[in-house]
Amino acid sequence: MASITMENIGKSFGQTDVLKGINLNVHDGEFISLLGSSGCGKSTLLRIISGLERQSSGRLLIGDKDMDNVFPKNRSVSMVFQSYALYPHLTVFENMAVPLVMRKLTRLQRLPLVGRFIGGTSSVRQEMRDRIHHLAETLDIHTLLNRKPAQLSGGQRQRVALGRAMVREPEVFLMDEPLSNLDTKMRAHMRTELAEIHRNLGATFVYVTHDQEEAMTMSDRVALMIDGQILQVATPREIYRSPVHRKVAEFIGSPRINILPGIVTNPEIMEVCGIKCPAPKGLHGKCFIGIRPSRLIPSEQASGTWKARVTNVEDLGSSFLIHSTLAGEVRTISRMDSRSVIPQVGDKIYLKPQPDCAMFFDSEGWNHNLSSERPAQDIPVSALTFSEESHESAIAI
Amino acid sequence: MKIFSGIFRHLLLLTGSVFMLIPFVVMLSTSLKSQADIFSGTFSLLPGEWGATANYLQVFTKLPILDFMLNGVIVTTSIFLIQVIVALPCAYALAKFHFKGRKLLFNCVLWCLLIPPQAVAIPVFMELYSFGMLNSYAALIVPWTISVLGIFLMRQFFMAIPDDIIDAARMDGMGEVSILIRIMVPMALPALTAFGILSFIAHWNDFFWPLICLQDVKYFTPPLGIAYFKTDDSGISYGPLMAAACIITIPLLITFLAARKKFMQGVSIQAGVK
Ligand SMILES: Nc1ncnc2c1ncn2[C@@H]1O[C@H](COP(=O)(O)OP(=O)(O)OP(=O)(O)O)[C@@H](O)[C@H]1O
Ligand SMILES: [Mg+2]
């Protein structure tokens, strides 16, 4: 099996730098997701791993072997394309046979008609047939083997593409948004199926997606890419709970995290949208605090809370999303349980952060808790007693 | 209004097709008439005096028409095969490889499309002469082996094939030659058929070039062959001439009808890919 090591990989197309120094270690047998918005260079990185594209700088190792000048076909790597890239003129069976035919048969044995009479061909072909039939059965496409790709549904095509990638048992699977062309239901189904396939094969999976839900549900670790850089590599849980940067916090989690601008006026006292609160040690100047929507909910009490006006209410069935505006035109979203009392549009409400939930980001956006030299201390936000003073009086202190 | 525009459209198309068909109809009807009937001064579609048997018999007795047609087959198939062998790799490279000068090369292809073959006939003739290749099959074949039309047509079709498919093939272990033979050509079969038909028609019917480079009747292609009737001492015998013309269009008709579906797909370039 194989681990993948990327050392400072850069890629530029002409003037534009698409990848800017990617460092990433993918462990053997790991399921890692490359998550990022459109155009951040995910596919490019994947193509570099596959060997279809060559990096402009840096080193790529697969299973401790330097991959410089190793052709895609000589790497133990399979790829599933977003468009599936099935050969339209071949049947499902033939599509799945291609990787085997190209690897197991010699040039002579591949010849039409003549090849059949060269020693060993028929036994190899029989072996290939068996393997394809077996795999088709596990993927539930064995009834489709004689069809052409044009005669398949999206989900079926996806399975065939998966089968073609799996048939030669590579050590590394690369997948470029393989589920993005499926409908929601099929996508959820394939998600569990992919996770299962990964467990059964034990191969290394690198999975590209811009859908955080996919990344969070399937992966052992998520690598978050923004603008050609990897900002954080962590388990789904960790990347959600302790994002290293404001951008990470904003990318992960739906609806988006509330980011409120603040300023540290006196040491260890900060002002956020007109409310004063204690700031963690070492934070100074302009800063931001982040609170997840489910942690910022309306409260009865007027003291120590933010005054807000409700601008929109979305009913999601199981919960409601309350869009509101704080002082200084700061917009927030709160997620409320559908059984609670739901405010109406135009209502004046008080928003209160729940204890232990705020993240502090410094002026450059780095998470203060994590970036400080001290071991990541838990800022006891429960101790955050919001003062009642208004903006003006806060400045007076 | 809708009906009117429909009628108008069909009327227009009908006029066009009648205009196109008339020469063929005249050819066919003339081939059925006797010499006297042809020169009778009045034109009728159906022969007044039946001359078909004599005309067609004369074609086969007076002319080695089957030899001419065999020559035609040899020449056109050789031309097409070599054209394909040259054009496919060129088109693949122009469509899918990124290299310096690709644009310039493709522009050269486009410019070459504009050069009429007659314009370069004399230089090519001299070239063949200096190689001592005149008056042979080679003289008929070699000048046509690089078809810019073929390169252009195939390149356009290859452009429409998604890059992902080629990348997938590379991942599956194919080299570039394998990709060309196993993936590109089967997918581009309609375009290849269309090009094949165009090439076949052009060179089967070519009169100009064989006339220039051949002397020996042994190598004559059909159009040059039937021109024999014209140069007969007894003036032009239109009946047999038209009968011969009818006969040599038969292979064209058969090929076209057999490959009609693929030809249509190929001419409308986008088809066949998805
Ligand atoms: N061959 C190329 N030539 C020039 N620029 C390219 C090329 N390939 C990609 N790019 C650019 O590199 C950037 C990253 O592309 P890439 O395909 O890796 O994005 P992505 O993260 O996969 O996006 P998406 O989620 O939309 O697929 C884009 O801005 C794109 O325009
Ligand atoms: Mg992409």
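Owing to the predicted nature of the structure, the values given are computational and were not obtained by experimental measurement.

What counts as what
- Residues numbered from 1 in each chain as written.
- Chains lettered and ligands numbered in written order.
- Predicted model: local features only at pLDDT ≥ 70, side-chain atom pairs only at ≥ 80, totals over all residues.
- Heavy atoms only, no water.
- Helix = DSSP H or I, 4+ residues; strand = E, 2+ residues; numbered from the N terminus.
- Buried < 20%, exposed > 50% of the residue type's maximum accessible area, 1.4 Å probe, protein only.
- Contact = heavy atoms within 4.5 Å.
- Areas by Shrake-Rupley, 256 points an atom, 1.4 Å probe, with all protein chains shown as cover.
- Lys, Arg positive; Asp, Glu negative; His and termini not counted.
- Charge placed at Lys NZ, Arg CZ, Asp CG, Glu CD.
- 1 Å grid on protein atoms, 1.4 Å probe; cavity = no way out; pocket = protein on both sides within 12 Å on 5 of 7 lines; lining within 4 Å.
- Points joined across faces, edges and corners; volume = space filled by probe spheres on them.
- Nonpolar A, V, L, I, M, F, W, Y, C, P; charged D, E, K, R; others polar.
- Domains from an automatic or database assignment.
- Buried area = accessible area lost by both parts, 1.4 Å probe.
- Salt bridge = Lys/Arg side-chain N within 4 Å of Asp/Glu carboxyl O.
- Polar contact = N/O pair within 3.5 Å; in protein donor to acceptor, adjacent residues only side chain to side chain.
- Near = heavy atom within 4 Å.
- Pairing = 2+ DSSP bridges.
- Axes fitted to C-alpha atoms, helices over the stretch in contact; angles between N-to-C directions.

Chemist: Pulling in residues and values, what's your account of the overall build of chain B?
Modeler: Counting secondary structure elements, chain B contains 15 helices and zero strands. Looking at chain B residue by residue over its 274 residues, the buried ones come to 41%. Contacts in chain B between residues at least 24 apart in sequence constitute 72% of all its contacts with a sequence separation of at least 6. Total accessible area on chain B is roughly 15400 Å²; 74% of this is exposed by carbon and sulfur atoms. With 17 positive and 13 negative side-chain charges, chain B shows a separation of 13 Å between the mean positions of the two kinds.

Chemist: Which residues make up empty space enclosed by the protein, and what are the values?
Modeler: Evaluation of the coordinates by the stated rule reveals two cavities of 30 Å³ or more. If you add up the space inside the largest cavity, you get close to 50 Å³. Val75(B), Ile79(B), Leu140(B), Trp144(B), His203(B), Asp206(B), Trp209(B), Pro210(B) and Thr221(B) together form the lining of the largest cavity. If you list the elements that add at least two residues to the lining of the largest cavity, you get α4 (65-96) and α12 (208-213) of chain B. Split by residue class, the lining of the largest cavity holds six nonpolar, two polar and one charged. Looking at the second largest cavity, its volume works out to about 40 Å³. In this structure, the second largest cavity is lined by Ser78(A), Met79(A), Arg164(A), Ala165(A), Arg168(A), Ala168(B), Met171(B) and Asp172(B). Secondary structure elements with two or more residues in the lining of the second largest cavity: β6 (77-80) and α5 (154-166) of chain A together with α9 (163-171) of chain B. Of the residues in the lining of the second largest cavity, the class split is four nonpolar, one polar and three charged.

Chemist: Kindly report on the domain arrangement of chain B, identifying the contributing residues and their values.
Modeler: All names here are of chain B. You can read the domains of chain B as domain 1 (1-61) and domain 2 (63-267). Here the C-alpha centre of domain 2 lies 30 Å away from the C-alpha centre of domain 1. Each partner contributes residues to the interface: domain 1 has 14 residues there, and domain 2 has 16 residues. By the criterion of area lost to domain 2, the three top residues of domain 1 are Met-27, Val-59 and Phe-60, representing 45% of everything that side buries. Run the count over domain 1 and domain 2 and you get zero salt bridges. The interface formed by domain 1 and domain 2 includes one residue pair in polar contact (both at pLDDT 80 or more). Listing elements by their share of the side of domain 1 that touches domain 2, those giving two or more residues are α1 (2-31), α2 (35-38) and α3 (52-62). With six residues, the single largest contributor to the side of domain 1 that touches domain 2 is α3. Per-class residue counts for the side of domain 1 that touches domain 2 are seven nonpolar, six polar and one charged.

Chemist: Go over the side chain of Ser78(A), please, and point to the residues and values.
Modeler: Its place among the elements puts Ser78(A) in strand β6. Using a relative accessible area of 1% as the deciding quantity, one classes Ser78(A) as buried. Within the structure, the side chain of Ser78(A) is placed 2.8 Å from the backbone oxygen of Ala165(A), a separation counted as a polar contact. For Ser78(A), the contacting residues outside a window of four places in its chain are Ala165(A), Arg168(A), Pro170(A), Val172(A), Phe173(A), Leu174(A) and Met171(B).

Chemist: Outline the environment of Pro278(A), supporting the account with residue identities and numerical values.
Modeler: Looking at the secondary structure, you find Pro278(A) in strand β13 (residues 275-278). When the C-alpha atoms of Pro278(A) and Glu268(A) are compared, they prove to be 5.4 Å apart, with 10 residues separating the residues in sequence.

Chemist: Could you give an account of the site of ligand 1, with specific residues and numbers?
Modeler: Residues and elements named next belong to chain A. Around ligand 1 sit Phe-13, Val-18, Ser-38, Gly-39, Cys-40, Gly-41, Lys-42, Ser-43, Thr-44 and Glu-177, and that is every residue in its neighbourhood. A distance of 2.8 Å is found between an oxygen atom of ligand 1 and a side-chain nitrogen or oxygen belonging to Lys-42. Relative to its unbound accessible area of 640 Å², ligand 1 is 56% covered by the protein chains. Here the shell around ligand 1 takes three residues from helix α1 (residues 42-50), the largest share from any one element. Partitioned by chemical class, the residues of the shell around ligand 1 number three nonpolar, five polar and two charged.

Chemist: How would you summarise the sheet that holds strand β14 (residues 285-291) of chain A if you had to cite specific residues and measurements?
Modeler: All names here are of chain A. Here we have five strands laid out as an open sheet, ordered β13-β12-β11-β14-β20, and antiparallel in their pairing. This sheet does not close on itself; its edge strands, each paired only once, are β13 and β20 (359-361). Each adjacent strand pair in this sheet contributes to an overall mean axis angle of 35°, direction not counted. By the bridge criterion, four bridges tie strand β12 (residues 269-272) to β13 in an arrangement that is antiparallel. Within the sheet, the bridge partner assigned to Ile-269 lies in β13 and is Pro-278.

Chemist: Can you break down α1(A) residue by residue, with the values?
Modeler: Residue and element names in this part refer to chain A. Counting buried positions along α1 yields seven of nine residues, so the element is predominantly enclosed. Those residues of α1 that fall on the buried side of the exposure criterion are Lys-42, Thr-44, Leu-45, Leu-46, Ile-48, Ile-49 and Ser-50. Positive phi shows up at Gly-51, right after α1, with a value of about 95°.

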